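Structural features, examined
Below are the chains, spelled out letter by letter.
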Amino acid sequence: MSNGFTQIRQQLTLMRAIVPCVMDKFVDGDEFIDKMEGDEKKHADEEAKSTHTVVQNKEDEKEAYIKVAMFKGVDKKVVGIHDGSNDECGNNKDDKVDIFEDVEKKKDRSIVDKGPMYKIPKNMDHNKHKKRPRAYFKSSYMSIPSTSREPLRPPHFKIDALQSEEIFALYDKRDEEALSFTYRGEYVGYPWGIDFWKHIFCHNDPIEERGWLETSHIDMWSLLLLDTKLPEERWTIMPIHFMAFFDKKSLIPFANGSKPPYVDWANVDLVLFPININNCHWLTGGMDLRTWTLTLYDSSISEVSNEIILENLLAFKENFNDFLKLIDYWTNTGRESTHMNLNIQFAKGVPQQVNGSDCGVFVCMWLEALSSGKELNIKTDDVAAECMEYRRRMARIIWARRD
């Protein structure tokens, strides 16, 4: 184009030599030619830029269609959209496939409008556009969800690492809907409401049962302790019905490790039991599998006699050896299989409750102390006040760890 304007300038110079006054009288010839040349150059640049933009837009559109197809899991492999000419693989405009063809109908197809797509020939490199991992495909950024709940492991793995004061404000308002909650477990998976909290805060009726902790409270506390148990710790806790209704076959999953979070007895030294006596008293049992000794911790020795307690544990003691065989204890531990005589004893010097409602609280305190390898230590002379503070601590922890 610049050669053409050069020839025009040469002709203009020749004409000036012949009739100089005529050419420059109405217009500056050089200025006019410069303007024409600039406009032509500008037009050429805009045309080149437009062509590049069109090409880029087509590439972006092609990439977008490919990504959507891969995300949707299209069975037919597709690439690009028809641009009016054969591609590098020799495909023509008649060789195309709908992006949603052979794909199960989706409720939401608004991600992108349907459009024609090329089929990818067999010799094309499919590694250029790998499909995204589908749901639950294990990769560096996606993991298969567990079918069972993972134990809660807060910093330092302590049960009191998570606490919430919010429960007190909600309870003061008696907001039944807000106070309803669940926590996982075979026996504590259903929702509880305000009555659950009334028993903890000693506001339940009737008065003679005020402050009694029920099976749901103690079983939940046991599960919280198990969920925050360190892997190297050698203890477990049995559910509340274990001693009360000792049925060998139905209890096997709780003792052989097949029902998490309850741990296989072959991997522990200490088995803890919350024990209910005739629905009127709670106490704690700790069985040392190294010495075959079951120690009972009773916070109210005047509530129920030792004879009645031993009578309630008779079925467990008589069937203990058979139960060890049913759970393959001897095989799993490698210990010599012999008939073991379980020794049952009552712990001495156990802190005593000062009312008729704190036996359940003492069970929770003993379970936490024994699972930590400690003895329960009441630090103040006001036992009732310390039990009430423990109730409030339980409420903060349970509320913080609810589902």
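The rules behind these values
All residue numbers refer to position in the chain's written sequence, counted from 1. Local features in a predicted model are, by the rule used here, given only for residues with pLDDT of at least 70; side-chain atom pairs are given and counted only at 80 or more, and totals for whole chains, interfaces and linings are based on all residues. Hydrogens are left out, water is left out, and the side-chain values use all remaining heavy atoms of the structure. Numbered from the N terminus, helices here are DSSP runs of H or I no shorter than four residues, and strands are runs of E no shorter than two. The buried label goes to any residue with under 20% of its type's maximum accessible area, the exposed label to any with over 50%, and the partly exposed label to all in between, with areas taken from a 1.4 Å probe on protein chains only. In this description, contact between two residues means that some pair of their heavy atoms is separated by no more than 4.5 Å. With residues, only the protein chains shown are counted as cover, and all accessible areas are computed by Shrake-Rupley using a 1.4 Å probe. In this analysis, strands are considered paired if DSSP registers two or more bridges between them. With axes taken as lines fitted to C-alpha atoms, and helix axes fitted only over the stretch in contact, angles between N-to-C directions fall between 0 and 180 degrees. Side-chain atoms within 4.5 Å link the members of a nonpolar core, which is a set of buried Ala, Val, Leu, Ile, Met, Phe, Trp, Tyr and Cys residues. Exposure above 30% relative accessible area and no salt bridge define the residues that can form patches, which grow by joining like charges within 9 Å and nonpolar side chains of Val, Leu, Ile, Met, Phe, Trp and Tyr within 5 Å. Note on definitions: salt bridges are taken to be side-chain nitrogens of Lys or Arg within 4 Å of carboxyl oxygens of Asp or Glu. We treat Lys and Arg as the positive residues and Asp and Glu as the negative residues; His and chain ends play no part in the count. Taken as the charge centre is NZ of Lys, CZ of Arg, CG of Asp or CD of Glu, depending on the residue.

Naming follows an unreviewed UniProt entry, where the protein appears as Ubiquitin-like protease family profile domain-containing protein of Lactuca virosa.

Counting secondary structure elements, the protein contains 15 helices and eight strands. The buried share of the protein, reckoned over its 403 residues, is 39%. Contacts in the protein between residues far apart in sequence, at least 24 positions, make up 64% of those at least 6 positions apart. Carbon and sulfur atoms make up 50% of the accessible area of the protein, which totals about 24,100 Å².

A few words on the sheet that holds strand β7 (residues 293-297). Taken together, the five strands give an open sheet; going across it, the order is β4-β5-β6-β7-β8, and neighbouring strands pair in mixed fashion. Looking at the sheet topology across the chains shown, the edges are occupied by β4 (235-237) and β8 (343-346). Across this sheet, the average inter-strand angle for adjacent strands is 25°, counted without regard to direction. When strand β5 (residues 270-277) meets strand β6 (residues 281-288), the two strands line up antiparallel, connected through eight bridges. Paired with N276 across the strands is W282, a residue of β6. Of the strands in this sheet, β4, β5 and β6 are in contact with helix α7 (residues 215-227), which crosses β4 at around 155°.

The next subject is the nonpolar core. Judged by nonpolar contacts, the single largest core of 84 residues is most densely connected at W197, W221, W265, F273, M287, L294 and F316. With near-sequence residues (within four places) excluded, F273 lies in contact with M238, F242, M243, W265, L283, T284, G285, M287, L294 and F316.

Here we take up the pairing of β6. The buried fraction of β6 is high, at eight of eight residues. Burial along β6 is two-sided: H281, L283, G285 and M287 and W282, T284, G286 and D288, pointing in opposite directions, are all buried. With antiparallel pairing between neighbouring strands as the criterion, β5 and β6 make up a hairpin whose turn holds three residues, including N278 at a positive phi of roughly 55°. For β6 and β7, the ladder comprises five bridges, and the chain directions are antiparallel.

Together, D175, E176, E177, D195, E208, E209 and E214 give the surface a local cluster of negative charge. By the element assignment, D195 lies in helix α6 (residues 194-200).

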